[in-house]
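This is what each chain is made of:
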Amino acid sequence: MLRPSAHLDSFTRDNLPAEETWPDLLLDGFDYPDRLNAAVELTDAMVAKGFGDHTALIGNGRRRTYKELSDWTNRLAHTLVDDLGVTPGNRILIRSANNPAMVACWLAATKAGAVVVNTMPMLRAGELRKYVETAEITHALCDTRLMDEMIACAKGSETLNTVVGFDGTANHDAELDRLALQKSVRFEAVDTAQDDVALIGFTSGSTGNPKATMHFHRDLLIIADGYAKEVLSVTPEDVFVGSPPLAFTFGLGGLAIFPLRFGAAATLLETASPPNMIEIIETFKATVCFTAPTAYRAMMRAMDEGADLSSLRAAVSAGETLPGPVYDEWMAKTGKPMLDGIGATEMLHIFITNRFDDHRPACTGKPVTGYQAKVVDDSGAEVPRGTVGKLAVRGPTGCRYLFGARQEDYVKDGWNITGDAFIEDEDGYFHFAARNDDIIVSAGYNIAGPEVEAALLSHVAVAECAVIGVPDEDRGQIVEAHVVLAEGHAGDALMVKLLQDHVKATIAPYKYPRSVVFTESLPKTQTGKIQRFRLRAEP
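Calculation notes
Residues numbered from 1 in each chain as written. Predicted model: local features only at pLDDT ≥ 70, side-chain atom pairs only at ≥ 80, totals over all residues. Heavy atoms only, no water. Core = buried A, V, L, I, M, F, W, Y, C linked by side-chain atoms within 4.5 Å. Buried < 20%, exposed > 50% of the residue type's maximum accessible area, 1.4 Å probe, protein only. Contact = heavy atoms within 4.5 Å. Salt bridge = Lys/Arg side-chain N within 4 Å of Asp/Glu carboxyl O. Helix = DSSP H or I, 4+ residues; strand = E, 2+ residues; numbered from the N terminus. Pairing = 2+ DSSP bridges. Axes fitted to C-alpha atoms, helices over the stretch in contact; angles between N-to-C directions.

A. Structural detail: the nonpolar core. Trp106, Leu141, Leu232 and Phe258 are the most contacted members of the largest nonpolar core, which totals 89 residues. Not counting residues within four places of it along the chain, the set of residues in contact with leucine 232 comprises Tyr227, Phe240, Phe258, Val288, Phe290, Arg313, Ala314, Val316, Leu339 and Phe356. Counting residues in hydrophobic clusters, the runner-up holds 31 residues, among them Tyr131, Cys142, Leu160 and Val197.

This is the structure in structure tokens:
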């Protein structure tokens, strides 16, 4: 039974999927008061706990303390309510790269009782319009450097009537900032229910039609009080760095919620290339890093050239499966494990992971405390251990699609069916096989693309690769590898044969790539996830 909502605009509460279609929510151990505002817990409450003088955010040439962040977000919240007419439950879109101002806007909107939709700076007007129309967004806060596409999106919109610019640099020189500077640093946050919707996360949308997932105020704290506390053991001395956009729940958790929940500091980079992350790690002695395996490979090349990443105690890899060779090389270079894990926008963050004291190569690990996982067949029956099947998971967070769109495709008998093919071994560890739609069926054999990729990556000539299945008249499908070669290696017929022979010698020979395509780069998302569907779509 849902608690009384604080939302005067009841759009999200009205459009939750029917409760009987929700996954089972396992909330034991995650106890919060009925009335809960997540943004207050991450700012004002932290000041009250004595963290006021601790650094909260680092970015664009400035450090900001928890007291400064609390004051800043309270001024912004006043502006949203007093000047922009934000009503609890209104949907607010935020358009920005990763910077402290984006975090402040997100927290302020949450304090004001709004439902936030964070978006990436690369989205164009047409893509933004899908979000606006789907979530019936009423307000948009946009970094002034990115205003053109936002204004184009708002033209003709039936719901988006207020677009205000903020300064994503450290200058506070935009309309929203100037209004906020006149406001009090005290703000009475909206007394939201713990199960009021606080955030709408849109899936990556590889099909071009992203789905909107709804997350409660308590969910934002659960991922910190679960994964970040249990697995990362975050302390106030930690300094976080990473590449995923705050617009994705992986980035929002890893680069905002996790550090702020425990009095740590978050460094925010508008351009989180490996060289920029290395500079931040060296300058601020960052201790926890969130990025994709591709970036870790680049960082290891930099270590060979003298980069000092010794301050890192935790290297978290997600968004793309972690190949064994990358894990092995990181272990060899640092003596510390790389923590592979898997999460989903529908689940908000990571739910299966390796641990510092329990980790294996080419293994995703075991469920985070509070979560349960199993591998099932198409009927939902659990398959024998060692058998490839569909990953099913449940825990304190779970899928709730806006309008219930495709809810019953994702949730079966109380379990979230994530769309991933996994194997659970005899010891209870989970091993990623492929996305359910990435299994290649060739001449009757089921071949997991990531396994072939890992074999290729263990060859010195391969910098990056992606494996897909392509149609074949004789075999149904064949394995095709798209390969970015390391510097100094030629993409010729001899290299094709070398790589094919290497794969045959590394894994079962029938899995070798019968087609090898050399390319300068691979298509990726903002989080570094390789977009294999784009390779399949290419002629």
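We are not done yet, so read on.
B. Quick peek at the pattern of salt bridges. Using the criterion set out here, one finds 34 salt bridges in the structure. With a shortest N-O distance of 3.2 Å, aspartate 378 and lysine 390 are connected by a salt bridge. Remark: lysine 390 occurs in strand β17 (residues 389-394) and aspartate 378 occurs in the loop between β16 (372-376) and β17; sequence separation between them is 12 residues. By relative accessible area, lysine 390 is classed as partly exposed at 29%. Overlapping salt bridges, with partners in common, bring together Arg3, Arg13, Asp34, Asp195 and Asp196 in one network.

C. Focus on the sheet that holds strand β25 (residues 515-518). Read from one edge to the other, the open sheet built from three strands follows the order β23-β24-β25, with strand pairing classed as mixed. Of all strands in the sheet, those with a lone pairing partner are β23 (462-472) and β25, marking the two edges. The average angle at which neighbouring strand axes cross in this sheet is 25°, direction not considered. With four bridges connecting them, strand β24 (residues 476-485) and β25 associate as parallel partners. Across the sheet, residue valine 483 finds its bridge partner in β25, namely phenylalanine 518. Each of β23 and β24 is contacted by helix α15 (residues 449-457), which is oriented at about 145° to β23, the strand it contacts most.

D. Local environment of unusual backbone geometry. Its identity is not glycine, yet serine 233 carries a phi of approximately 50°, on the positive side. Note that serine 233 resides in the loop between α9 (217-232) and β9 (239-242).

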